[in-house]
Amino acid sequence: MSLLISNAIIVNEGKSFCGSLVIENGIISDIFEGKTTSQKHYDEVVDASGCFLLPGLIDDHVHFREPGLTDKADIESESRAAAFGGVTSFFDMPNTVPQTTSLETLNEKFLLGKKKSYVNYSFFFGATNDNVDLFSQLDPHHIPGIKLFMGSSTGNMLVDREESLNRIFSTATLPIMVHCEDTEIINRNMATAKAKYGDDPEIMHHPEIRSEEACFASTALAVQLAKKYGARLHVAHLTTARELSLFEPWKDTMPNITAEAVIAHLYFSDKDYKTLGTIIKCNPAVKTEHDRAELRKALIDGRISVVATDHAPHQLSEKQGGCARAASGMPMLQFSLVTMLELIDEGVLSLERLVQLMCHNPALLFEVNRRGFIRKGYKADIVIVKPNCPWTVTENIIQSKCKWSPLLGHTFNWKVIHTFCNGTHIFNNGRFDLSCHGEEIKFR
């Protein structure tokens, strides 16, 4: 099977240029700069005039809810949402039912991925207070890393015993991806808020409860432990300007300690609670406009290494209530790329930098094999986007099983036109190939 994508503006490794791409049997076989292409026959030709061609996005942080929570989402529905949004690879989190904290449950997840995922997949192994001895049995070519919850979050996987944390950081040879919030501080803040505002404080108090102090204390401890033991640390979903002081810019060599920002904290601020309420309730909480502005600056200077989604669907009925009752998390995967492209139009970052943060850096940090770049010999995971193509998010467009989005009713200027996964034209301007199957991602 051969395919030619012609007349695109190719964005890759810090450069943008007009060119064409040849795909042979799922692999990028040729890249032509300018109008020059080979004259051979192709099974399919896609004219990408007026469009930008990027590597398929790698989202290192999603919650697809399967197994056990499939009333909210499942691998089939959410991987379809990924393809609609130009995301061709995902790493799923372990707080499912059962939790992915044993070799058996990890293997079962991979079987589900093979059976149900339209795009490429892998799964984090979850750390607990008691499973460190299993780390030596994890295949480094098979999974991206170990997920550690150092603060209370959905799924009751909290690890906060000093002895357990020391064992995890001293034992793990794989990257440790950490959710950092201090549970003791959060519990204290919640008790204070309930005493003042009642049993279910209104949503605008969420960033007071899951506060800057709670985030910084936990993130500082994770960084301290990583430095002490030489562990490879990746801190998930940074939310505060203060936390950024703990990270060095990634310039030439890959740092040992890195940070992720997610779409919700880059796009929303605490001002949005007034209009969106618990729809944007997530953990850690959406913080101030100042925090958002500093996170955006860190996208440019390298203190933030990766942009992901923390895609976390719930049924809309579960989002009712306030700080105590409403579920935390929102579906963001399908609209992550177009949201970041909107930030480009606002002058926050360049398209080349977006590709670095959402394609190249996830591949480099987790040592993904032959994905994340437009290079000869690499897997043909590709997204084509078109500017100046307004469209509005409506319920019928939403692919996630929960069928709602905090972006419902929003009009975007950029549009995902084509997605190719392993060379298969999975999404073609609104048409979806249900026969496509993603591949297990290989590492290192």
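All chains use their own residue numbering, which begins from 1 and follows the written sequence. Thresholds applied to this predicted model are a pLDDT of at least 70 for local features of residues and 80 or more for the giving and counting of side-chain atom pairs; totals over whole chains, interfaces and linings are not thresholded and use all residues. Only hydrogens and water are set aside when side-chain values are computed; all heavy atoms of the structure are taken into account.

Quick word on the sheet that holds strand S9 (residues 125-126)
Note on pairing: DSSP must find at least two bridges between two strands before they are called paired. Each helix is a run of DSSP H or I of at least 4 residues and each strand a run of E of at least 2, with the numbering of both proceeding from the N terminus. In spatial order, the strands read S9-S10-S11-S12-S13-S14; together these six strands make up an open sheet with parallel pairing. Looking at the sheet topology across the chains shown, the edges are occupied by S9 and strand S14 (306-308). Here strand S12 (residues 233-235) pairs with strand S13 (residues 257-262) via three bridges, running parallel. The residue of S13 that forms the bridge with His234 is Thr258. In this description, contact between two residues means that some pair of their heavy atoms is separated by no more than 4.5 Å. To get an axis, a line is fitted to the C-alpha atoms, and for a helix only the part in contact is used. The angle between two axes follows their N-to-C directions and goes from 0 to 180 degrees. Sitting on the sheet, helix H6 (residues 212-229) touches S12 and S13, and the angle it makes with S12 is about 170°.

Structural notes on the side chain of Arg296
Mapped onto the fold, Arg296 is located in helix H10 (residues 289-301). Counting of polar contacts relies on pairs of N or O atoms within 3.5 Å, with two restrictions inside protein: one atom must be capable of donating a hydrogen and the other of accepting it, and residues adjacent in sequence are counted only when both atoms are side-chain atoms. Here the side chain of Arg296 touches Leu266 through a polar contact of 2.9 Å, landing on its backbone oxygen. If near-sequence neighbours (up to four positions away) are discounted, Arg296 is found in contact with Leu266, Tyr267, Leu343, Glu346 and Val348.

A word on the state of the cysteines
When two cysteine sulfur atoms lie within 2.5 Å, the pair is treated as a disulfide. Per the stated rule, a full pass over the model turns up zero disulfides. A disulfide-free cysteine, Cys215 has its sulfur positioned 8.6 Å from the sulfur of Cys180, the nearest such atom. Summary of the burial criterion: residues with accessible area below 20% of their type's maximum are buried, those above 50% are exposed, and those between are partly exposed, where the area comes from a 1.4 Å probe applied to protein chains only. Given the relative accessible area of 1%, Cys215 is considered buried. Cys323 carries a free sulfur, and the closest cysteine sulfur to it, the one in Cys282, is 12 Å from it. When its relative accessible area of 5% is taken as the criterion, Cys323 is described as buried.

Here's the deal with the nonpolar core
Counting 100 residues, the largest nonpolar core has Leu148, Phe169 and Met340 as its most contacted members. With sequence-adjacent residues up to four places away left out, Phe169 is seen in contact with Leu148, Met150, Ile176, Val178, Ala222, Leu225, Ala226, Tyr229, Ala231 and Leu233. Counting residues in hydrophobic clusters, the runner-up holds 17 residues, among them Ile5, Ala8, Phe17 and Ile23. Nonpolar cores are built from buried Ala, Val, Leu, Ile, Met, Phe, Trp, Tyr and Cys residues. Side-chain atoms within 4.5 Å join them into one set.

Regarding the packing of aromatic side chains
For this analysis, a ring pair means two rings from Phe, Tyr or Trp (six-membered ring only for Trp) whose centres lie within 6.5 Å, classed as stacked if their planes differ by under 30 degrees, edge-to-face if by over 60, and tilted for the remaining angles. A full pass over the atoms with the stated rule returns 18 aromatic pairs. Judged by centre distance (4.4 Å) and plane angle (45°), the rings of Phe64 and Phe90 are tilted. Taken together, the residues span a long stretch of sequence, with Phe64 in the loop between strand S6 (57-62) and helix H1 (75-84) and Phe90 in strand S7 (residues 87-92) at a distance of 26 residues. Residue classification places Phe90 among the buried residues on the basis of a relative accessible area of 0%. A ring pair is formed by Phe110 and Phe123, whose centres lie 5.1 Å apart and whose planes are at 85°; its orientation type is edge-to-face. Of this pair, Phe110 sits in helix H2 (residues 103-116) while Phe123 sits in strand S8 (residues 120-123), and the two are 13 residues apart along the sequence. In this structure Phe123 comes out as buried when scored by relative accessible area, which is 0%. Within the aromatic cluster, the residues linked to one another by ring pairs are Phe64, Phe90, Phe110, Tyr121 and Phe123. The criterion is that NZ of a Lys, or CZ of an Arg, lies within 6 Å of the ring centre and within 35 degrees of the ring normal, and then a charge sits over that ring. Stacked on the ring of Phe216, the Lys or Arg Arg242 has its end atom at 3.9 Å from the ring centre. A cation over a ring is seen here: Arg375 above Phe373, with NZ or CZ 3.9 Å from the ring centre.

A word on the sheet that holds S8
The parallel open sheet is built from three strands, whose spatial order is S6-S7-S8. In this open sheet, the two strands that pair with only one neighbour each are S6 and S8. Taken pair by pair, the neighbouring strands of this sheet meet at an average axis angle of 20°, ignoring direction. Judged from the four bridges that link them, S6 and S7 form a sheet pairing that is parallel. Each bridged residue has a counterpart across the sheet, and for Leu57 the counterpart in S7 is Val87.

A word on empty space enclosed by the protein
Using a grid of 1 Å spacing that covers the protein atoms alone, one calls a set of points a cavity when a 1.4 Å probe fits there but cannot get out, and a pocket when the set is open and has protein on both sides within 12 Å along at least five of seven lines; lining residues are those with an atom within 4 Å of a point. Grid points are joined across faces, edges and corners, and a volume is the space filled by probe spheres set on the points. Applying the stated rule across the entire model yields four cavities of 30 Å³ or more. There is about 60 Å³ of room inside the second largest cavity.

Looking at the pairing of strand S11 (residues 176-179)
Every second residue of S11 is oriented toward a common face, with Ile176 and Val178 on one face and Met177 and His179 on the other, all of them buried. Here S11 pairs with S12 via three bridges, running parallel. Looking at the pairing, Ile176 lines up with Leu233 of S12.

Some points on the packing of H1 against H2
Each packed pair of helices is defined by two parameters, the angle between the axes and the distance between the axes. Across the interface, H1 lies against H2 with an axial gap of 9 Å and an inter-helix angle of 60°. Taken together, H1 and H2 sit at an angle that is classed as oblique. With respect to the hand of their crossing, H1 and H2 are arranged in right-handed fashion. Between H1 and H2, the residues in contact are Ile75, Glu76 and Ser79 and Leu112, Gly113 and Lys116, respectively. Each residue is assigned to one class: nonpolar for Ala, Val, Leu, Ile, Met, Phe, Trp, Tyr, Cys and Pro, charged for Asp, Glu, Lys and Arg, and polar for all the others, Gly among them. Considering only residue class, the contact of H1 with H2 consists of two nonpolar, two polar and two charged. For classification, angles of less than 35 degrees are called roughly parallel, those exceeding 145 degrees roughly antiparallel, those between 65 and 115 degrees roughly perpendicular, and all remaining angles oblique. Here a crossing is taken to be left-handed if its near helix is turned anticlockwise relative to the far helix by less than a right angle, and right-handed if that turn runs clockwise.

No statement about biological role is implied by the geometric values presented.
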